[in-house]
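Residue-level structural notes
Each chain, letter by letter, is given below.
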Amino acid sequence: MLYPKLSQSRALMDLSGIWDFALCGPDTFDDAIAGAPLPKPMSIAVPASYNDQKEGVDFRDHYGWVAYQRTISLPAPLAEERILLRFGAVAQYAKVYLNGALLCEHKGGFLPFETEITGKIKPGCNLLTVAVDNKVDYGTLPVGNEDGSSMLGGMLAAVPGVTPKRQNMPNFDFFNYAGISRPVKLYTTPKSYIADITLIPSVNGTDGVVHYRVDTVGTGEVSLSIKDELGQEVAVAAGPEGSFTIPNVQLWEPHAAYLYTAEVTFGTDCYAEPFGVRTVEVRGAQFLINGKPFYFKGFGKHEDSNYHGRGLDEVLNVKDLSLMKWMGANSFRTSHYPYSEEMMYLCDREGIVVIDETPAVGVNLNFGAAGGGAPRDTYELLRTKEHHQDVIRDMIARDKNHACVVMWSVANESDTTAVPDSAVAYYKPLYDLAHASDPQNRPVTIVGVQNDYTKDKTLPLFDVICLNRYYGWYVYGGDLGAAQQALALELDFWQKLGKPVMFTEYGADTVAGLHLATPTMFTEEYQVDFYEATHAVTDRYACFVGEQTWNFADFATIQGVMRVDGNKKGIFTRDRRPKFAAHYFKKRWTEIPNFGYKS
Ligand code: GCB
């Protein structure tokens with residue numbers, strides 16, 4: 001799906017601002033609410049999660065539906081155009097109404113959707129209502145508890161006769177922020193229009209050879225003009241599918257991005273898509289970008305900040321990439337869901353490498369919130385399979401042209417050992433689907449939970465072994481010697497597989513400002529010792545191709561005995577102040593080259 005852009009053929013209107021808002025019931029949304037202005041509405045900012053914008057437990061812990069409302073009008077000169085209403089992301093389920101009539105529904109909180117409103121939007125004022133459900137359960141990604149029941153139960157058994165309030169219990173370690181979290185846009189296209197553009201770059205000697213396809217609706221001729229960064233035309237092409245050659249191509253490289261622009265025209269429609277020319281390949285135990293062995297230095301992140309919650313914050317995005325570059329980091333994973341389209345374009349521009357992850361987190365009923373008791377067959381109990389296929393297809397369709405994306409992650413920390421055969425039956429088709437969906441056929445991974453890896457039949461199916469490991473924190477916390485031994489044993493195991501291995505998470509909760517001369521857990525000194533001890537082991541393995549810490553910054557979680565005001569494993573605080581470890585990593589990473597570290 002193309003990102004909405006202003007061009008000489010397309011008008012674009014951003015519906016960001018203050019909308020009317022109301023909390024509604026838990027289970028169903030009453031369509032009648034959408035037919036009239038909300039009585040005594042609250043004010044809420046869009047785009048942003050709603051949770052931290054108002055005070056009160058009922059607001060923060062709201063379970064179920066809310067309503068957003070505003071009026072929209074179409075400028076009369078655009079009345080003859082094709083008109084679309086597009087949502088960057090609405091978490092977790094959306095129903096969109098215009099003048100009381102249901103236009104569309106969308107499941108999943110992290111990918112865009114749009115609906116055509118040509119002929120439905122009338123002259124003058126139109127009432128737009130967006131109903132949003134925040135429930136996570138056994139059928140959603142991410143996974144949560146069923147029916148608002150108390151799945152966690154706390155440390156002790158439930159007390160008979162007590163009825164806990166219904167609420168979302170995420171089977172994942174981040175706050176279940178909800179609402180219209182990314183921009184809502186109204187845009188137009190001509191009646192004959194460009195529906196999609198696919199670009200598949202390759203390198204032939206000093207030339208870039210790009211295969212392309214332009215999907216169109218209606219009548220017209222397709223033509224392409226390829227411009228370099230100075231706006232000079234470097235190639236042309238005609239027809240809906242073909243290839244073009246860029247002589248003496250400037251490659252897109254980590255920290256040295258070069259972007260060309262494909263200016264596509266079809267009849268009167270035109271659309272400009274920036275793209276980079278680079279190659280990605282797993283060869284043996286190496287991860288190659290442009291044919292050179294790349295070393296991932298960076299982070300698992302979250303879209304998370306004060307007041308905005310998970311809402312798009314472009315200032316924060318710019319700041320985060322600036323901090324990464326300051327430290328010599330070259331990459332991050334979109335843990336644990338696809339990030340905004342705006343962030344993906346920014347990473348293309350800034351030369352930051354991205355591992356792009358679906359929202360499949362919590363696909364594990366033997367771990368975390370759901371853990372305890374006899375092992376359960378996660379894949380029998382969850383109803384996520386079809387939705388999981390949809391999010392893989394939709395994420396790749398959205399992000400397929402981004403040079404920054406070098407690998408897809410189909411899930412984070414799934415149950416891959418308690419029921420190894422069920423896990424293989426569930427994940428092998430998803431691995432195949434991800435490859436089949438990607439025109440560039442990038443590597444595909446699954447991010448592995450700390451487990452008895454000798455029993456894991458799923459991780460080895462994937463192209464890169466991505467490990468979330470907490471030796472020195474959840475395992476051998478405070479005993480870094482034991483942590484090193486255990487880690488070395490594990491890496492000895494994985495290196496025999498002959499595939500690249502990397503950390504997609506490792507870290508220690510650290511309270512900013514907490515210091516001790518003799519480090520203990522939670523101090524800033526321990527966080528540095530943890531990382532130094534870990535690197536003393538990982539640096540010995542040639543197959544170990546990357547280190548992405550957990551986490552870039554402290555972030556919000558559900559309240560509970562495991563977390564004091566959220567997860568504190570950030571290298572930065574939530575407001576982006578560096579902890580000691582930021583300076584440690586700055587020194588380490590500015591000395592580690594992007595390419596050839598292990599060769
Ligand atoms: C994990 C999860 C991540 C958590 C982290 C932690 O393995 O993937 O979402 O936040 O551990 O800090 O426990």
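No experiment lies behind these values; they were computed from the predicted model shown.

**Things to note about the overall build of the protein**
Scanning the protein from N- to C-terminus turns up nine helices and 30 strands. Rg of the C-alpha trace for the protein: 24 Å, near the compact-globule value of 25 Å for 599 residues, within the 12% margin. Taking the principal axes of the C-alpha coordinates as reference, the protein spans close to 70 × 70 × 45 Å. Total accessible area on the protein stands at roughly 22700 Å², and carbon and sulfur atoms take up 55% of it.

**Section: the environment of Thr 216**
Tracing the backbone shows Thr 216 in strand β14 (residues 207–217). Along the primary structure Thr 216 and Tyr 541 are separated by 325 residues, whereas in three dimensions their C-alpha atoms are 49 Å apart. Those residues within four positions of Thr 216 in sequence are excluded, and the remaining contacts are Tyr 193, Ile 194, Ala 195, Val 222 and Phe 266.

**Description of unusual backbone geometry**
With an omega dihedral of -5°, the bond running from Ser 335 to His 336 counts as a cis peptide bond. When you line up the elements, His 336 lands in the loop between β24 (331–333) and α3 (341–350). The backbone of Asn 99 shows a phi angle near 50°, a positive value even though the residue is not glycine. Its location among the elements puts Asn 99 in the loop between β7 (93–98) and β8 (101–107). The exposure class assigned to Asn 99 is partly exposed, which follows from its relative accessible area of 31%.

**A word on the packing of aromatic side chains**
If you walk through the whole model with that rule in mind, you get 46 aromatic pairs. Between Phe 21 and Phe 59 the ring centres are 5.9 Å apart and the planes differ by 50°, which places this aromatic pair in the tilted class. Linking Phe 21 in strand β2 (residues 17–23) with Phe 59 in helix α1 (residues 57–60), this pair joins segments that are 38 residues apart in sequence. Like Phe 21, the residue Phe 59 is buried in the burial classification. Look at Trp 550 and Phe 555: their rings are 5.7 Å apart centre to centre, the planes differ by 80°, and that puts the pair in the edge-to-face class. There is no split in this pair, since Trp 550 and Phe 555 are both buried. One Lys or Arg, Arg 82, reaches over the ring of Tyr 193 and ends 3.4 Å from the middle of that ring.

The rules behind these values
Numbering of residues starts from 1 in every chain and runs along the sequence as written. In keeping with the predicted nature of the model, local features appear solely for residues at pLDDT of at least 70, side-chain atom pairs appear and are counted solely at 80 or more, and the whole-chain, interface and lining totals rest on all residues. Note: side-chain values were computed over all heavy atoms of the structure, leaving out hydrogens and water. Helix and strand assignments come from DSSP, with helices taken as H or I runs of at least 4 residues and strands as E runs of at least 2, each series counted from the N terminus. Throughout, radius of gyration means the C-alpha value; the globule benchmark is 2.2 Å times the number of residues raised to the power 0.38. The accessible surface values rely on the Shrake-Rupley method and a 1.4 Å probe; as for residues, cover is taken only from the protein chains in view. Any two residues whose heavy atoms approach within 4.5 Å are treated as being in contact. Exposure classes here rest on a 1.4 Å probe applied to the protein chains alone. A residue is buried below 20% of its type maximum, exposed above 50%, and partly exposed in between. Each Phe, Tyr or Trp ring (for Trp, its six-membered ring) is paired with any other whose centre lies within 6.5 Å, and the angle between the two planes then decides the class: stacked below 30 degrees, edge-to-face above 60, tilted in between. We call a charge positioned over a ring when the NZ of a Lys or the CZ of an Arg lies within 6 Å of the ring centre and within 35 degrees of the ring normal.

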